[in-house]
Amino acid sequence: YYASLALREPDTAVRIPANKIGPFSDFQPYLYWSGSPAADPKQGFVSFSFNTGFQGANVPLNYLYVLPMIKGKLPGTPPAAGKELEVNPGGQTVYDPVAQVTWLADANLAAKQTFGVAGINPDGSMEHAAAVQWVAAMNKADHGRGYLGQTGWQLPETGPPDASCSLKGTTGFDCTASP
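Residues numbered from 1 in each chain as written. Predicted model: local features only at pLDDT ≥ 70, side-chain atom pairs only at ≥ 80, totals over all residues. Heavy atoms only, no water.

Draft legend 1. Spatial organisation of the sheet that holds strand β8 (residues 93-96). If you trace the four strands from one edge of the open sheet to the other, you get β6-β9-β8-β7, paired in antiparallel fashion. With partners counted over all chains shown, the strands left at the sheet margins are β6 (69-71) and β7 (86-87), one partner each. Strand direction decides the pairing type here: β7 and β8, joined by two bridges, are antiparallel. By the bridge assignment for β8, Glu-86 is matched with Tyr-95. (Pairing = 2+ DSSP bridges. Helix = DSSP H or I, 4+ residues; strand = E, 2+ residues; numbered from the N terminus.)

Right under this line is the structure:
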């Protein structure tokens, strides 16, 4: 790997093409950071997969992706109508009326916008500490007005794997209880 391809972790040999899934763009086929600590502090923080519903501990030095959210519906956006995902005006955020959170529509914004945070790889992946700094920088962007005029961005919280998950050891699959 290192000698033949001249790559170093966390570089990839195959570029991940841009993709669009529903109202979201650039979902990465890997894990995303949450803001929740693992049950065992030595294991770091909980990560999750939008692909499989996997939820489990991950050490902070791994390079994962970030999809920030804001609790609730953004002020000034149309009222929720039904239980389907709703693209907000401008198409940069998506409201989930079931989880009652607003997601960033770009599932890999960090690959395009670092907000001045060091330690973000060109593919948008980062260690947990950089993820926390990146979200904080989003909230301070635009002279304190926040990215897209919002200052409530955060890493999604996850709960321990529960009845909504298929458990395997300390990790869960098909988890649906968190945003």
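Moving on from the coordinates now.
Draft legend 2. Quick peek at the packing of aromatic side chains. In total, this model carries six aromatic pairs according to the counting rule given. Here the aromatic cluster, defined as three or more aromatic residues joined through ring pairs, consists of Phe-24, Phe-27, Tyr-32, Phe-48 and Tyr-65. (Phe/Tyr/Trp six-rings, centres within 6.5 Å; stacked < 30°, edge-to-face > 60°.)

Draft legend 3. A look at the pairing of strand β9 (residues 101-104). The alternating pattern of β9 places Val-101 and Trp-103 and Thr-102 and Leu-104 on opposite faces, both of which are buried. For β6 and β9, the ladder comprises three bridges, and the chain directions are antiparallel. In the sheet register, Lys-71 faces β9, and the bridge partner there is Val-101. Here β8 folds back onto β9, and the loop between the two strands holds four residues, one of which, Gln-100, carries a positive phi near 55°. (Buried < 20%, exposed > 50% of the residue type's maximum accessible area, 1.4 Å probe, protein only.)

Draft legend 4. Spotlight on unusual backbone geometry. For His-143, which is not a glycine, the phi torsion comes out positive at approximately 55°. Residue placement: His-143 occurs in helix α2 (residues 128-144). The class of His-143 is exposed, set by a relative accessible area of 75%. Its identity is not glycine, yet Leu-148 carries a phi of approximately 60°, on the positive side. Secondary-structure assignment places Leu-148 in the loop between α2 and β10 (166-168).

Draft legend 5. Broad picture of the nonpolar core. Counting residues in hydrophobic clusters, the biggest one holds 36 residues, and the most contacted among them are Val-66, Phe-115, Met-126, Trp-134 and Met-138. For this core, the secondary-structure elements that each account for two or more residues are β3 (32-37), β6, β9 and α2. At seven residues, the largest contribution of residues to this core is made by α2. Discounting chain neighbours no more than four positions away, the residues touching Met-138 are Pro-68, Leu-104, Leu-109, Phe-115, Gly-146, Tyr-147, Gln-150 and Trp-153. (Core = buried A, V, L, I, M, F, W, Y, C linked by side-chain atoms within 4.5 Å. Contact = heavy atoms within 4.5 Å.)

Draft legend 6. Seen up close, the pattern of salt bridges. All chains considered together, the criterion is met by four salt bridges. For the salt bridge of Lys-112 with Asp-26, the shortest nitrogen-to-oxygen distance reads 3.0 Å. Of this pair, Lys-112 sits in the loop between β9 and α2 while Asp-26 sits in the loop between β2 (24-25) and β3, and the two are 86 residues apart along the sequence. We classify Asp-26 as buried; its relative accessible area is 14%. Here Glu-86 makes a salt bridge to Lys-73, at a shortest N to O gap of 3.9 Å. (Salt bridge = Lys/Arg side-chain N within 4 Å of Asp/Glu carboxyl O.)

Draft legend 7. Seen up close, the environment of Tyr-63. Tracing the sequence through the fold places Tyr-63 in the loop between β5 (55-58) and β6. The class for Tyr-63 is partly exposed, based on a relative accessible area of 24%. For the pair Tyr-63 and Leu-31, spaced 32 residues apart in sequence, the C-alpha separation works out to 8.8 Å. Within the local environment of Tyr-63, its side chain forms a polar contact with the side chain of Glu-127, the two groups lying 3.3 Å apart. (Polar contact = N/O pair within 3.5 Å; in protein donor to acceptor, adjacent residues only side chain to side chain.)

Draft legend 8. Expanded view of the side chain of Glu-86. Secondary-structure assignment places Glu-86 in strand β7. A polar side-chain atom of Glu-86 sits 2.7 Å from the main-chain amide nitrogen of Ala-81. If sequence neighbours within four positions are ignored, Glu-86 has contacts with Lys-73, Pro-79, Ala-80, Ala-81, Thr-93, Val-94, Tyr-95 and Pro-97.

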